[in-house]
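Here's the letter readout for the chains.
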Amino acid sequence: MRHLSSGISWPPPGCERMGDTGSWLRAVNGEFEVVQMSGGTRGTDYVYVEDAGFFVNVRHLKGSKLVSRERWGRGRRREVFRVPKNVLVDKVLLRISFTNSGYVFLRICRVSPEAVDCYDCFSPSEGLARALVQRFKPVGGESQFIELYLGFVVRMVSDIWRVVRSSGFEDIHFGGHAERLYETLTSPYLSLLTSLAIDTWQGRILSLQEKVSHVAELWVLANIVEALEGEAHPNHRVWWIEFTQNIPLAVMRSNRLGRYFTAFYQPSIYPHIASMFSSGKKRYHLIPDIAILEGIIEERLGWGEFHKLVEKGHRPVLLIEVKTGLETSEWRAPQYLVEQLEAYRKLLDPKHIMLVVLSRLSPYIRTMVRSRGFEIFDELLNPAKLKHFKDHIVKTLL
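Residues numbered from 1 in each chain as written. Predicted model: local features only at pLDDT ≥ 70, side-chain atom pairs only at ≥ 80, totals over all residues. Heavy atoms only, no water.

## Thoughts on empty space enclosed by the protein
Here's step 1: All chains considered together, the criterion is met by 1 cavity of 30 Å³ or more.
Here's step 2: Volume-wise, the largest cavity comes out at about 40 Å³.
Here's step 3: Lining the largest cavity are W240, I241, E242, Q245, N246, I247, L249, F264 and Y265. (1 Å grid on protein atoms, 1.4 Å probe; cavity = no way out; pocket = protein on both sides within 12 Å on 5 of 7 lines; lining within 4 Å. Points joined across faces, edges and corners; volume = space filled by probe spheres on them.)

Put into structure tokens, the structure is as follows:
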């Protein structure tokens, strides 16, 4: 085994040699024709080429010429490029492919004057993903999100798994369309790679923001479980994550308080986008991040039916909205946030509603939110602030 200039071991560990490159890379009249399918992380294939020690998308590679572009379904584009052979000789090519259901696999190729040698990596290791990530560089304004991911997501993922196992849960199960979150919680560096695979900085930001947000939400929930000294119910020994499906994420006994609690993650109250609370002029995102109910709740409601629990007398004792502080969508607007929390209050009548933020809130937002009677905890990455939050959770649920 040897190392290429890209820092990748050759042949790539844990990968299988393939017979040919298929239709995405072929020699045509002294050039290579490269096919790329871009636009999200479902049914797409991104091609990167080693250039001066970094992976560069074929679109931005020196000497690359776009010869055709077609629009495909679901916002995808099929692009064909021509690249002079001498540009690719002695280079490493990385093709990152996503199936229609969102699963990822890699194809790593080395181009020599005589042949193209390729390996398929169907289950890329974290070591390989980390080596590849180090060869990507920002193409626009995504730097702060990459730094946030590297600085905190890996640590948060470790914290989540520590709490899951120490509280008697055996595993985390993922259903529905949670492939990217599964990837983040099981292979954080591979997850970062799948975000950097996207060939625009705007797309990378959206992908990283979503991953950071989901991990932050689950990290806050893990800290609640730890604060309560939660212990898995004997019949519910896994965390179940399935977005908006109203399946309990965790059923636990609080050894601190001597009572059972059921935690829901992103329950859908009604059909999740509704305009009924704004005179039909503005739509609201009606999916709270965390809902804690007292007792053992085993009902599995359908999408948009969380309100039925309240109608049966299961009023949430705690509702939490989690923000990273880096949201770029309109939902970061203070007025929208306040109206969103007020909609939760009207629909679910929880005993307590909290806004939890990783970063520091501005005095303006803090005043606006508190003036409506909502509790705020920010700077949760500060250990002292995190301890204060956990202590308050226990006092709130006494």
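Now that the structure is up, let's keep going.
## Side note on the sheet that holds strand β21 (residues 318–323)
Here's step 1: Across the sheet, which stays open at both edges, the 7 strands sit in the order β14-β16-β17-β20-β21-β22-β23 with mixed pairing between neighbours. Looking at which strands have only one partner, the edges of the open sheet turn out to be β14 (230–232) and β23 (375–377). Across the sheet, the mean angle separating the axes of adjacent strands is 30 degrees when strand polarity is ignored.
Here's step 2: Pairing of β14 with strand β16 (residues 250–254) involves 3 bridges; the strand directions are antiparallel. Note that in β16 the partner of G230 across the bridge is S254. (Pairing = 2+ DSSP bridges. Helix = DSSP H or I, 4+ residues; strand = E, 2+ residues; numbered from the N terminus. Axes fitted to C-alpha atoms, helices over the stretch in contact; angles between N-to-C directions.)

## A closer look at the layout of surface pockets
Here's step 1: When its volume is computed, the second largest pocket comes out at roughly 200 Å³.
Here's step 2: What lines the second largest pocket is simply Y103, V104, F122, S123, P124, E179, R180, Y182, E183, T186, S187 and L190.
Here's step 3: It is helix α4 (residues 179–186) that contributes the most residues to the lining of the second largest pocket, 5 residues altogether.
Here's step 4: Class assignment for the residues of the lining of the second largest pocket results in 6 nonpolar, 3 polar and 3 charged. (Nonpolar A, V, L, I, M, F, W, Y, C, P; charged D, E, K, R; others polar.)

## Brief notes about the environment of F306
Here's step 1: Here F306 shows up in the loop between β20 (290–294) and α7 (307–311).
Here's step 2: Distance from F306 to N86, taken between C-alpha atoms, is 60 Å for residues 220 residues apart in sequence.
Here's step 3: Once residues within four sequence positions are removed from consideration, F306 is found in contact with N246, F264, P267, S268, I269, A291, L293, L301 and L348. (Contact = heavy atoms within 4.5 Å.)

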